[in-house]
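Each chain is listed here by its residues.
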Amino acid sequence: IATFECFQALTRSIRNARAEYNVEQGKKISATIVASGHLKEAIEAELKSLVMLAKLDPDQVAVVEASSDEAKAMAAGDAAQLVVQDGVEAYLPLSGLIDVEKEKQRLEKQSTKLAKEIEKLAGRLQSKGFVDKAPAAVVDKARAELAELEDQASKVKSSLEALN
């Protein structure tokens, strides 16, 4: 059961990374899975299923031992690292996932949009008239929305920094 849960978590992590990096739906991506012992053997045995479920390129998937030189090279390389669970990691090379320039432009545009929304909402919340006259529920909703926008902006900023 633990092995199956690990396999599920690995598949979910790769799918989440595909969504996070806006990888085209039909695009097959490469991956290096780092595992040890019986988990490595179990993943190798179910590699065809993993390739299908996570939309990986079957020719570009490798499963390597955790302490090997290949694993150390992947950790040092330009790849998205997914820590699935203790003893299992996946590395997805960024070069195959996204067009870095397009992604930078998209993130910068999103960052600018979020900054405008934050400025507008912060201005409304700093206005005495709004805070004093609006119902408490509306003010609380605006504060929560501002916190959410600031959180999104920080995630976009960290993503931009990761690409530079």
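Before going into details, it helps to say that this report is about the structure given with it. (Residues numbered from 1 in each chain as written. Predicted model: local features only at pLDDT ≥ 70, side-chain atom pairs only at ≥ 80, totals over all residues. Heavy atoms only, no water.)

Brief notes about the nonpolar core
Part 1: With 27 residues, the main nonpolar core has Leu10, Ile14, Ile33, Ile43, Leu50, Leu56 and Leu92 as its most contacted residues.
Part 2: Contributing elements (two or more residues each) for this core: helix H1 (2–20), strand S1 (29–35), helix H2 (37–45), helix H3 (47–53), strand S2 (56–65), strand S3 (79–85), strand S4 (88–93) and helix H5 (94–97).
Part 3: Residues Leu107, Ala134, Val139 and Leu146 belong to the second largest nonpolar core, which totals 13 residues. (Core = buried A, V, L, I, M, F, W, Y, C linked by side-chain atoms within 4.5 Å. Buried < 20%, exposed > 50% of the residue type's maximum accessible area, 1.4 Å probe, protein only. Helix = DSSP H or I, 4+ residues; strand = E, 2+ residues; numbered from the N terminus.)

Quick word on unusual backbone geometry
Part 1: In this structure, Lys55 takes a positive phi of about 55 degrees despite not being glycine.
Part 2: Secondary-structure assignment places Lys55 in the loop between H3 and S2.
Part 3: Classification of Lys55 as partly exposed rests on a relative accessible area of 37%.

Some details on the pairing of S4
Part 1: Relative to S4, S1 runs antiparallel, the two sharing three bridges. Bridge pairing in S4 links Thr32 to Tyr91.
Part 2: Looking at chain direction, S3 and S4 are connected through six bridges and run antiparallel. In the strand pairing of S4, Ala79 is matched with Pro93. (Pairing = 2+ DSSP bridges.)

Topic: H1
An α-helix turns once every 3.6 residues. As a result, residues three or four positions apart point the same way.
Part 1: Compared with the 27 Å implied by 1.5 Å per residue over 19 residues, the 26 Å span of H1 between its first and last C-alpha is a close match.
Part 2: Cys6, Phe7, Ala9, Leu10, Thr11, Ser13, Ile14, Ala17 and Arg18 are the residues of H1 that are buried.
Part 3: Looking one or two residues past H1, Asn22 carries a phi angle of roughly 55 degrees, positive in sign. (Expected span 1.5 Å × (residues − 1).)

So, the pairing of S1
Consecutive side chains of a regular strand alternate in pointing toward one face of the sheet and then the other.
Part 1: For S1, a buried count of seven out of seven residues is recorded, marking the element as mostly surrounded by other parts of the structure.
Part 2: Burial along S1 is two-sided: Ile29, Ala31, Ile33 and Ala35 facing one way and Ser30, Thr32 and Val34 facing the other are all buried.
Part 3: Inspection of the sheet shows S1 paired to S2 by six bridges, in the parallel sense. In the strand pairing of S2, Val34 is matched with Val64.

As for the environment of Gln85
Part 1: Considering the arrangement of structural elements, one finds Gln85 in strand S3.
Part 2: With a relative accessible area of 30%, Gln85 lands in the partly exposed category.
Part 3: Counting along the chain gives 40 residues from Gln85 to Ala45, while the straight-line C-alpha distance between them is 19 Å.
Part 4: With near-sequence residues (within four places) excluded, Gln85 lies in contact with Cys6 and Leu39. (Contact = heavy atoms within 4.5 Å.)

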